[in-house]
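# Structural overview for review
Each chain, letter by letter, is given below.
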Amino acid sequence: MNTSSKILTIIPALNEEKNIAQVIDGIKKNAPFCDILVIDDGSSDSTAVLAKTAGAKVIHLPFNMGYGIALQTGYKYALENGYHYMAQIDGDGQHDPQYIKELLEIVTSGEADITIGSRFSKNNRNHTYKAGWVKRTGIILFAYITSIIIKQKVSDPTSGYQAINRKVAKFYASESYPSDYPDADVIIMLHRSGFQIKELPVVMYQNRNRKSMHSGMKPFYYIFKMFLSIFLTLLRKSELLNQRN
Amino acid sequence: MPLQQKFFAIIISLFLMVFIIELVRRKKLREEYSWLWLLTGTIILLLALWYDLLQWMTSLIGAGLPTSTLFFLGLVFLILIAIQFSVKVSALHTQVKNLAQENGLLKNRIEKLEEGETPKREK
């Protein structure tokens with residue numbers, strides 16, 4: 001890996017005091033070359049303090065704004081501070097940090113603009129992730145739709161375990177990015193803007209103590225929002241999104 | 001239209017318009033939100049005074065009674081006003097989002113400066 005590149009790992013976190021230190025340690029162990037930034041999305045517990053103690057930079061949002069907005073804050077920070085490549089990983093220990101290096105290598109080598117860690121890839125024998133049936137149906141459905149639209153196999157469009165380069169970060173930091181609920185629609189937008197997307201099999205764990213954003217009525221809203229967002233993305237002229245060059 | 005109905009429609013529309021203008025005068029309501037309300041008031045007034053127009057509209061939309069036309073128009077205006085608010089709330093949401101993010105980034109920069117680091121800014 002090119003050592004002169006500045007690399008940042010972004011962790012959006014909401015009330016993750018139980019897991020955050022462990023996640024940061026895992027990243028330090030597996031990818032010691034990158035800086036770590038925790039976006040504390042208005043947590044009411046000591047997530048921010050623990051993250052700082054564990055050696056991460058911390059950005060504190062004044063109130064809870066949601067996963068996508070926290071993530072976008074991280075990308076704005078990365079762009080302002082001249083980072084070349086960025087990885088994003090969840091703060092709840094759901095993503096195994098040992099894959100960060102692999103995810104990053106694909107973007108640093110220029111093979112793709114964005115790598116997405118997939119829990120469902122065919123060659124991923126040891127996937128331990130389980131989800132409710134509505135969400136599972138949604139993921140399979142949107143994986144299928146996304147794959148057709150971008151003419152490339154996508155097995156896990158919901159994955160928040162990604163590595164990207166600066167060009168994609170610019171898109172993520174712009175108003176075109178659906179910061180309320182980034183998901184399959186982002187992959188389609190990236191494809192329409194001409195970015196190279198690659199998928200990498202990773203291991204994800206069931207999140208243990210999180211009130212998941214995919215519980216209760218949320219899975220139904222997720223399916224509705226994705227349909228709407230994908231439909232509207234296809235209606236928009238791709239030049240509007242095109243920020244690749 | 002019975003005189004009683006006409007009387008009430010005129011009173012209500014006049015009251016609405018005076019109320020809106022007064023709110024704008026006292027800066028409690030911004031001009032940009034007043035126009036749709038004023039238009040609503042004007043149309044109620046117009047239809048109350050000009051019964052032929054109301055009857056023409058009733059037959060145009062196929063309603064049975066002129067009263068239904070008034071209710072229908074009232075509903076349409078309420079929907080338009082609600083949409084106007086949704087659009088504005090969306091814009092405000094984006095602004096609040098950007099402010100919160102900027103706030104977080106600035107706080108981080110201040111902390112860095114206080115710790116004696118010199119942050120390099122690249123565009």
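Since the model is a prediction, treat every value here as computed from it, not as a measurement. (Residues numbered from 1 in each chain as written. Chains lettered and ligands numbered in written order. Predicted model: local features only at pLDDT ≥ 70, side-chain atom pairs only at ≥ 80, totals over all residues.)

With that settled, the discussion passes to the overall build of chain A. When helices and strands are counted, chain A shows nine helices and seven strands. Buried positions account for 49% of the 245 residues belonging to chain A. In chain A, the share of contacts with a sequence separation of at least 24, taken over all contacts with a separation of at least 6, comes to 77%. (Helix = DSSP H or I, 4+ residues; strand = E, 2+ residues; numbered from the N terminus. Buried ≥ 20, exposed ≤ 12 C-beta atoms within 10 Å, placed from the backbone. Contact = placed C-beta atoms within 7 Å.)

Our focus in this paragraph is the interface of chain B and chain A. With 12 residues of chain B at the contact, the number on the chain A side is 16 residues. Looking at the side of chain B that touches chain A residue by residue, the class counts come to two nonpolar, five polar and five charged. (Nonpolar A, V, L, I, M, F, W, Y, C, P; charged D, E, K, R; others polar.)

Glancing now at the confidence of the model for chain B. All names here are of chain B. Counting all residues, the mean pLDDT for chain B is 87, and 93% of those residues have values of 70 or more. Within chain B, the element-level pLDDT minimum falls on helix α2 (residues 31-49), averaging 87, and the maximum on helix α4 (residues 66-114), averaging 91. Confidence estimates for the predicted assembly give a pTM of 0.83 and an ipTM of 0.83. (pLDDT = per-residue confidence, 0-100.)

Residues and elements named next belong to chain A. With 71 residues, the main nonpolar core has I11, L37, V38, I39, M86 and L104 as its most contacted residues. Broken down by element, the residue count for this core peaks at seven residues, all from helix α3 (residues 67-80). Discounting chain neighbours no more than four positions away, the residues touching I11 are V23, I36, L37, V38, I39, I89 and G91. (Core = buried A, V, L, I, M, F, W, Y, C linked by C-beta atoms within 7 Å.)

Strand pairs in the sheet, formed through backbone hydrogen bonds, run parallel or antiparallel to each other. Residue and element names in this part refer to chain A. In spatial order, the strands read β3-β2-β1-β4-β6-β5-β7; together these seven strands make up an open sheet with mixed pairing. Where the open sheet ends on each side, the last strands, each with one partner, are β3 (57-60) and β7 (197-201). Across this sheet, the average inter-strand angle for adjacent strands is 20°, counted without regard to direction. Of the pairings in the sheet, the one linking strand β5 (residues 114-118) to β7 comprises five bridges and is parallel in character. Bridging from a neighbouring strand, G117 pairs with L200 of β7. (Pairing = 2+ DSSP bridges. Axes fitted to C-alpha atoms, helices over the stretch in contact; angles between N-to-C directions.)

Turning our attention to the environment of S68 of chain B. Residues and elements named next belong to chain B. Mapped onto the elements, S68 comes out in helix α4. For S68, a count of 13 C-beta atoms within 10 Å translates into the label partly exposed. When the C-alpha atoms of S68 and T58 are compared, they prove to be 7.9 Å apart, with 10 residues separating the residues in sequence.

What follows covers the pairing of strand β4 (residues 85-88) of chain A. Residue and element names in this part refer to chain A. Side chains Y85 and A87 project from β4 onto one buried face, and the interleaved M86 and Q88 project onto a second face that is buried too. Pairing of strand β1 (residues 7-13) with β4, which is carried by four bridges, proceeds in the parallel orientation. Bridge pairing links L8 to M86 in β4.

All names here are of chain A. Put simply, helix α7 (residues 184-192) and helix α8 (residues 218-235) touch, their axes get as near as 9 Å, and they point 10° apart. The angle between the axes of α7 and α8 places the two elements in the roughly parallel class. Contacts between α7 and α8 involve A184, D185, I188 and M189 from the former and M226, S229, I230 and T233 from the latter. Counted by class, the contact of α7 with α8 contains five nonpolar, two polar and one charged residues. (Parallel < 35°, antiparallel > 145°, perpendicular 65-115°, else oblique.)

Attention shifts here to the environment of Q55 of chain B. Secondary-structure assignment places Q55 of chain B in helix α3 (residues 51-61). In sequence terms Q55 of chain B and E102 of chain B are 47 residues apart; their C-alpha atoms lie 56 Å from each other.

Residues and elements named next belong to chain B. Helix length check: α2 (19 residues) gives 26 Å between terminal C-alpha atoms against 27 Å at 1.5 Å per residue, within 8%. All of the buried residues in α2 are W37, T40, G41, I44, L47 and A48. Across the axial projection of α2, the buried residues extend over an arc of 135°, all falling on one side. Residues of α2 that are exposed and angled more than 90 degrees away from the buried face: E31, E32, W35 and L46. On the buried face of α2, the contacting elements are α1 (3-25), α3 and α4. (Expected span 1.5 Å × (residues − 1). Arc of directions from axis to C-beta.)

Among the secondary structure elements, S59 of chain B is positioned in helix α3. Judged by the 10 C-beta atoms lying within 10 Å of it, S59 of chain B falls in the exposed class.

All names here are of chain A. Burial analysis of β1 places seven of its seven residues in the buried class, the great majority of the element. Alternating residues of β1 divide into I7, T9, I11 and A13 and L8, I10 and P12, and every residue in both groups is buried. Pairing between β1 and strand β2 (residues 35-40): six bridges, direction parallel. Paired with L8 across the bridge in β2 is D35. This β-α-β element, β1 to helix α1 (residues 20-30) to β2, shows right-handed connectivity. (Right-handed = clockwise from strand over helix to strand, strands pointing away.)

Right, let's talk about the packing of helix α5 (residues 133-150) of chain A against α8 of chain A for a bit. Residue and element names in this part refer to chain A. At their nearest, the axes of α5 and α8 sit 9 Å apart, and the two run at 15° to each other. In terms of orientation, α5 lies roughly parallel with respect to α8. Once α5 is placed against α8, the crossing between them reads as left-handed. Side by side, α5 and α8 meet where V134, K135, G138, F142 and I145 of the first sit next to P219, F220, Y222, I223, M226 and I230 of the second. Partitioning the contact of α5 with α8 into residue classes produces nine nonpolar, one polar and one charged. (Left-handed = near helix turned anticlockwise from the far one by under 90°.)

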